[in-house]
Amino acid sequence: MSHLQGGKVDVSLIQVAARNSLINLLEKCVGPKAIVWDNSLAGPVGLVAQYVTLKEYEVMKMFPLRDSPLPSVDVQHVIFITRPKLHLMDLVAQNVHNDSKSSSDPKKQYHLFFVPRKSLLCIKRLEHSGMFGSLTLIEEFKCDFFPFDSDLISMELPEVYSDYYIENDPTSLYHVAQAILLLQKFYGPIPRVWGRGMAAKQVWDLLTRLQRENLTRDVKENQTSCIDRLLIIDRSVDLISPLATQLTYEGLIDEIFGINNTTANFPPEKFLSNEERNTDSLSEDKKSFILNSGDKLFSELRDKNFNAVGPFLSKQAKLMNAQFEGDHEKSMEEMKRLVKNLKTMMANKSLLARHTAIAECIKEKTDGYDFLDCLQAEQEFLNCIEVDRASPFIEDLIAQKRPLIKVLRLICLQCIASSGLKPKVLEYYKRELVQVYGLRAFLAVTNLEKAGLLKVQSSTRHYTVLRKALHLTVEDSSEVNPTDISYVHSIYAPLSIRLTEQLLKGGGWKQLQDVLGLLPGPTVDESQTTSDVLSESTNSNVVLVFFIGGCTFAEISALRFLSQQEELNVEFVIATTKLINGNTFLESIINTDA
Amino acid sequence: GFILESLDEKKTHTQDASLTSAVEAYKKARNDVSFSICEEALRLLKYQRSLKDKINEDLVGKSVHDTCTRLLELKDIKEAERMRSNFKIPDRRYWWLRIKCLADAHDWIELEKF
């Protein structure tokens, strides 16, 4: 998978380590086996080890973990691979119980691999269910990160924000700290660490403690570091950016069709050639594509504002036509070269057709009144227009009973832009929501309040000040030839990335004193230069940005844009607990039963 | 008031005992908005039960909005108007609803009268 290499930090190391860890575990179970997957893992693990690889290790069948009995298969080992979650333990116990009763083979063994770590609580739960003894091996499949691209890794833990901020459960922060530790094992200790927010601080404290515990065991102390700086961004510091609609190519694909584990599904009818359309054959009901930098055209398109995508595609098409037709009088030499390149040219052509079709699918949505009206409302909020009273646009959305998540997303955005809603407005929204959507809307709102996304106005206008001080809205930036990161949301520059930009320009938090007071949580500002790690690596300038609580594709695009600016001279590696957009982020908060 | 809200989800499915306790809890916590929202939910349940005999349809568990929509679909405008005043449905939303229901029913003649 060559798309993972290329940066100064070789992400494929993570992939290889994870794959080997899985293979080692599989080799412990000799003979044919079946794997039962926790649904949330089956997709991401595909980024580490594909089914073909697993087959080589005698994995005959794979099933999702469900409450229905397992299909009967003739294998020696049944391996459950799950996250350490209590409700999953009940499913495992139930499955083992049913299967061992119905199975005739007394030698059949059951195993359980936790990803990424065992949990005492889960083991206790298994003991209570009486099935603990039936499990032969209980192991850890230590896979903290799933590699998404040469500059992007994700832990794929969607509940980090809600676990910590709603349920006050710091378990996932421990996973994050372990994960950073792992990164330092691969890429050397990181000399400079910045961070902001409660969760960032706690991760850092955990990390220093873990490091002290591990110090004696770690031999490779004087390893040179590939990563020079670590910036930990706690999602609570910037709740605005996920709520704003992403307007980059990749961001829009995620908003409209959803990208999971670098794969997105599209309606198939757009992707058929004319003959295929006529044959009316049994086509699949979804067309899925893998979207990563392995696709050269996509890697050029993904970070562009959508308005720049059309012109770019048509330019490519023209270039390609010229290549195919060219001059008719060609020398033998040229003809030879053409034939040699024919295969790549054909591949490029089909990629171009694919992305043109995807862009058409997106355009259908973004040209609709629905989308444009919503975007306009959003941009008015971001510019602090009419944020202090109930928005007639939102009222109408509620009256028409549009999707709850869409309405809540706008209300949250208004709330943040007005630095908290007026008590009367908040009460009014609450009543309206409950009358239309029922009590479940009330529970949703309660969770959003706990998560800090909805609140009553306080005396200071944080957002208004931040907007001015950090230039969060830029009116006249170009979408086609951007000069500022605000192109990713057309007018709005993600706060998280603006902070990153200022931090790197100023060389630390000191330059940001005047805005720091407006951001929640404590600051982390540490140097962990141990005596033997010297500043020999100063010429390389790699910054690891770690988002606790998720980040959006638009934020990633903005970081990539910054790395192309010469004055900064940095390269980013992005780590996140999950890739999110406004909807998936709010859903993870609404659906927690606290 | 925080403790009991997990309860009211179950209550909407079955009975209103837990909703009543949520109302009590919010009252004690002096959370006026939540208090009145839960109280209204309780009122709605009772009202929906009384409707059950009248229109021969079970609307329990539906929101105010959906209940009112159903009444309009059944052309029970009197009952819908009563809901509108009992549950203080704002004009803007009520008329949206009227228009939408008429349009869905292709009742263009009624719609003309607006």
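Residues numbered from 1 in each chain as written. Chains lettered and ligands numbered in written order. Predicted model: local features only at pLDDT ≥ 70, side-chain atom pairs only at ≥ 80, totals over all residues. Heavy atoms only, no water.

Description of the overall build of chain A
The helix and strand inventory of chain A stands at 24 helices and 15 strands. The proportion of buried residues among the 594 residues of chain A is 55%. Within chain A, counting contacts between residues at least 6 apart in sequence, those at least 24 apart form 80% of the total. In the form shown here, chain A has an accessible surface area of approximately 26800 Å², with 51% of it arising from carbon and sulfur atoms. Separation between the mean location of the 65 positive side-chain charges and that of the 75 negative ones in chain A comes to 2 Å. (Helix = DSSP H or I, 4+ residues; strand = E, 2+ residues; numbered from the N terminus. Buried < 20%, exposed > 50% of the residue type's maximum accessible area, 1.4 Å probe, protein only. Contact = heavy atoms within 4.5 Å. Areas by Shrake-Rupley, 256 points an atom, 1.4 Å probe, with all protein chains shown as cover. Lys, Arg positive; Asp, Glu negative; His and termini not counted. Charge placed at Lys NZ, Arg CZ, Asp CG, Glu CD.)

Some details on the domain arrangement of chain A
The domains assigned to chain A are domain 1 (11-143), domain 2 (148-242 + 485-586), domain 3 (249-277 + 286-367) and domain 4 (370-418 + 420-459). On a C-alpha basis, the centroid separation for the pair domain 3 of chain A and domain 4 of chain A is 38 Å. (Domains from an automatic or database assignment.)

Observations concerning the pattern of salt bridges
All names here are of chain A. Inspection of the entire model under this criterion finds 35 salt bridges over all chains. Salt-bridge contacts for Glu159 lead to Lys85; the nearest nitrogen and oxygen are separated by 3.4 Å. Of the two residues, Glu159 is situated in the loop between β7 (152-154) and α6 (160-165) and Lys85 in the loop between β3 (77-82) and α4 (86-102); the sequence distance between them amounts to 74 residues. Glu159 sits in the partly exposed class, given a relative accessible area of 27%. Among the residues examined, Lys85 registers a relative accessible area of 29% and is labelled partly exposed. (Salt bridge = Lys/Arg side-chain N within 4 Å of Asp/Glu carboxyl O.)

Considerations on the sheet that holds strand β10 (residues 259-260) of chain A
Residues and elements named next belong to chain A. Strand order in the open sheet formed by three strands is β10-β11-β12, and the pairing between neighbours is antiparallel. Edge strands, defined here as strands with exactly one partner in the open sheet, are β10 and β12 (287-290). By the bridge criterion, four bridges tie strand β11 (residues 263-266) to β12 in an arrangement that is antiparallel. Bridge pairing links Phe266 to Lys287 in β12. (Pairing = 2+ DSSP bridges.)

Things to note about helix α14 (residues 332-366) of chain A
Residues and elements named next belong to chain A. Helix length check: α14 (35 residues) gives 48 Å between terminal C-alpha atoms against 51 Å at 1.5 Å per residue, within 8%. Leu342 marks where α14 bends most, by close to 50°. Packing partners of the buried residues in α14 comprise α10 (249-256), β11, β12, α12 (296-301), α13 (306-325) and α15 (369-382). (Expected span 1.5 Å × (residues − 1). Bend = angle between axes of the 7 residues up to and from the residue.)

Structural notes on the interface of chain A and chain B
With 22 residues of chain A at the interface, the matching set in chain B holds 26 residues. When the two sides are added together, the surface that chain A and chain B hide from each other amounts to roughly 2100 Å², 59% of it contributed by carbon and sulfur. It is Gln435, Leu439 and Phe442 of chain A in chain A that bury the most area against chain B; as a group they hold 31% of the surface buried on that side. One salt bridge in this structure joins Lys401 of chain A and Asp66 of chain B, with 2.7 Å as the shortest N-O distance. There are 12 residue pairs in polar contact (both at pLDDT 80 or more) connecting chain A and chain B. For the side of chain A that touches chain B, the elements supplying multiple residues, two or more each, are α16 (392-399), α18 (423-437) and α19 (439-450) of chain A. Broken down by element, the side of chain A that touches chain B gets its largest block of residues, eight residues, from α18 of chain A. Its residues assigned to classes, the side of chain A that touches chain B comprises 10 nonpolar, four polar and eight charged. (Buried area = accessible area lost by both parts, 1.4 Å probe. Polar contact = N/O pair within 3.5 Å; in protein donor to acceptor, adjacent residues only side chain to side chain. Nonpolar A, V, L, I, M, F, W, Y, C, P; charged D, E, K, R; others polar.)

Some words on the sheet that holds strand β1 (residues 33-37) of chain A
All names here are of chain A. A sheet is described by the order of its strands in space; here five strands give the open sequence β2-β1-β3-β4-β5, paired in parallel fashion. Every other strand in the sheet has two partners, leaving β2 (59-64) and β5 (135-140) as the edge strands with one partner each. The mean inter-strand angle of the sheet, taken between neighbouring strand axes irrespective of direction, is 20°. Inspection of the sheet shows β3 paired to strand β4 (residues 109-114) by six bridges, in the parallel sense. Bridging across to β4, His77 finds its partner in Gln109. Along the sheet, α4 makes contact with β3, β4 and β5, crossing β3 at roughly 170°. (Axes fitted to C-alpha atoms, helices over the stretch in contact; angles between N-to-C directions.)

Quick word on the nonpolar core
Residues and elements named next belong to chain A. Counting residues in hydrophobic clusters, the biggest one holds 174 residues, and the most contacted among them are Ile81, Ile253, Leu433 and Leu453. When residues of this core are assigned to their parent elements, the largest contribution, 11 residues, is made by helix α17 (residues 404-417). If you look at the next biggest cluster of nonpolar residues, it comprises 23 residues, including Phe63, Leu126, Met131 and Ile138. (Core = buried A, V, L, I, M, F, W, Y, C linked by side-chain atoms within 4.5 Å.)

Some words on unusual backbone geometry
Cis peptide bonds are those with omega within 30 degrees of zero, and the linkage from Val115 of chain A to Pro116 of chain A qualifies with -10°. One can find Pro116 of chain A in the loop between β4 and α5 (120-129).

A few points about the packing of aromatic side chains
Tallied over the full model, the rule gives 12 aromatic pairs over all chains. Over the face of the ring belonging to Phe87 of chain B we find Arg43 of chain B, whose NZ or CZ atom lies 4.9 Å from the ring centre. (Phe/Tyr/Trp six-rings, centres within 6.5 Å; stacked < 30°, edge-to-face > 60°. Lys NZ or Arg CZ within 6 Å of the ring centre and 35° of its normal.)

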